[in-house]
Amino acid sequence: MGSEGIKAMEVWTHVLEEMALRYGPHPNGFTHEIFHSEPFPDFVGELGRKAANVIASKGLKSDNVFIKFGKADHMRSLFEKGALRVQPASYYAISDHNGAIRDDELSLPLSFALSREDIIKIVLNPQDVPDGRLERRVDVTYRAGTDYWLYCVTSAVEPRLFVDFQADSCVIVKDRERFQHLVELQGAVKFPNTDHRRGKVIYVDPLLPSSAIIDVPVSKHFRYEYQREHRFLWKPKTPMNNLQYVDLELGTLEEIAELVVL
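Residues numbered from 1 in each chain as written. Predicted model: local features only at pLDDT ≥ 70, side-chain atom pairs only at ≥ 80, totals over all residues. Heavy atoms only, no water.

Student: Please explain a nonpolar patch on the surface as it appears in this structure.
Tutor: Taken together, the side chains of Met-9, Trp-12 and Val-15 define a hydrophobic patch exposed on the protein surface, amounting to about 270 Å² of accessible area. By the secondary structure assignment, Met-9 is in helix α1 (residues 3–23). (Patch = residues over 30% accessible without salt bridge, like charges linked within 9 Å, V, L, I, M, F, W, Y side chains within 5 Å. Areas by Shrake-Rupley, 256 points an atom, 1.4 Å probe, with all protein chains shown as cover. Salt bridge = Lys/Arg side-chain N within 4 Å of Asp/Glu carboxyl O. Helix = DSSP H or I, 4+ residues; strand = E, 2+ residues; numbered from the N terminus.)

Student: So what exactly am I meant to see when it comes to the nonpolar core here?
Tutor: Across soluble globular proteins, nonpolar side chains have a tendency to be buried as a group. In this structure, Val-86, Tyr-151, Phe-179, Trp-234, Leu-250 and Leu-253 are the most contacted members of the largest nonpolar core, which totals 24 residues. Contributing elements (two or more residues each) for this core: α4 (72–81), β2 (83–88), β5 (149–154), β6 (169–173), α7 (176–190), β10 (229–236) and β11 (246–249). Look past the residues within four positions of Phe-179 in its chain and what remains in contact with it is Phe-66, Tyr-151, Val-173, Phe-232, Leu-250, Leu-253 and Ile-256. Tyr-92, Leu-110, Ala-144 and Tyr-148 belong to the second-largest nonpolar core, a separate cluster that totals 19 residues. (Core = buried A, V, L, I, M, F, W, Y, C linked by side-chain atoms within 4.5 Å. Buried < 20%, exposed > 50% of the residue type's maximum accessible area, 1.4 Å probe, protein only. Contact = heavy atoms within 4.5 Å.)

Student: So what exactly am I meant to see when it comes to the layout of surface pockets here?
Tutor: Empty space among the atoms can be located by rolling a probe the size of a water molecule over them. The calculated volume of the largest pocket comes to roughly 1900 Å³. Taken together, 43 residues form the lining of the largest pocket, with Trp-12, Val-15, His-221, Phe-222 and Arg-223 sitting closest to its centre. Looking at the lining of the largest pocket, the elements with two or more residues in it are α1, α2 (32–35) and α6 (160–164). A per-element tally of the lining of the largest pocket places α1 first, with 13 residues. A class-by-class count of the residues in the lining of the largest pocket yields 22 nonpolar, seven polar and 14 charged. The space that makes up the second largest pocket amounts to roughly 1000 Å³. Put simply, the parts of the chain that give the lining of the second largest pocket at least two residues each are β1 (66–70), α4, β2, β5 and β11. (1 Å grid on protein atoms, 1.4 Å probe; cavity = no way out; pocket = protein on both sides within 12 Å on 5 of 7 lines; lining within 4 Å. Points joined across faces, edges and corners; volume = space filled by probe spheres on them. Nonpolar A, V, L, I, M, F, W, Y, C, P; charged D, E, K, R; others polar.)

Student: How do you make sense of the side chain of Ser-169 when you look at a structure like this?
Tutor: Examined against the element boundaries, Ser-169 turns out to sit in strand β6. The class of Ser-169 is buried, set by a relative accessible area of 0%. Only 3.0 Å separates the side chain of Ser-169 from the side chain of Asp-168, close enough to count as a polar contact. Excluding anything up to four places from it in sequence, Ser-169 contacts Lys-68, Phe-69, Gly-70, Lys-71, Ala-72, Met-75, Phe-162, Val-260 and Val-261. (Polar contact = N/O pair within 3.5 Å; in protein donor to acceptor, adjacent residues only side chain to side chain.)

And the structure:
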């Protein structure tokens, strides 16, 4: 088990202990509403089985490729013409999306536990802070400050992502550097007056953030960590709201990628 798995098991152990303190022995407290707020993906259905068989046959390793999931017609267009759609960050908050896609990409609420020493450093009246052990929770919402354009791929080789994204196809990009170059080349034309960045998403535990320095456009709640997202983003130099999607055409990806249709 890697470090990510160990961290997840530690958090899950805390959850079990807290639920036991609040509701009694397991499974008390684990109600129908907790497990069914979002329809649970059918990983063992026909789509899941097909995806598992195909991915296993490819011999791929995570972080060696980029994968884009979607419907067959869109993925063929991406593979044959390099046609892709860059959505605004605000698009992902639409309620029609399922739980794997839907997220507020413009803000990230976090909570911090402040000790007495931390509180003294930030308040105007430190002399009034009581003596003894003191800890307070402070809730903070970080904001991007502007809408921005966002294109997402994954570096995870996980069959379950077909199911999560309700996809019947994917494009596997094997030459990551070439793909990044093509995206940046076309992005420079289509997104003037923006700051462009690309890289891995930073996943944040909202109750135990490791840092108070948060860059919203590249940060997400750690419930999405299994997606291992790599993103390309273009942030307007002047704050803007309600941006519209932009289509790019990179040229054929046939020499650097593979199309998979289940």
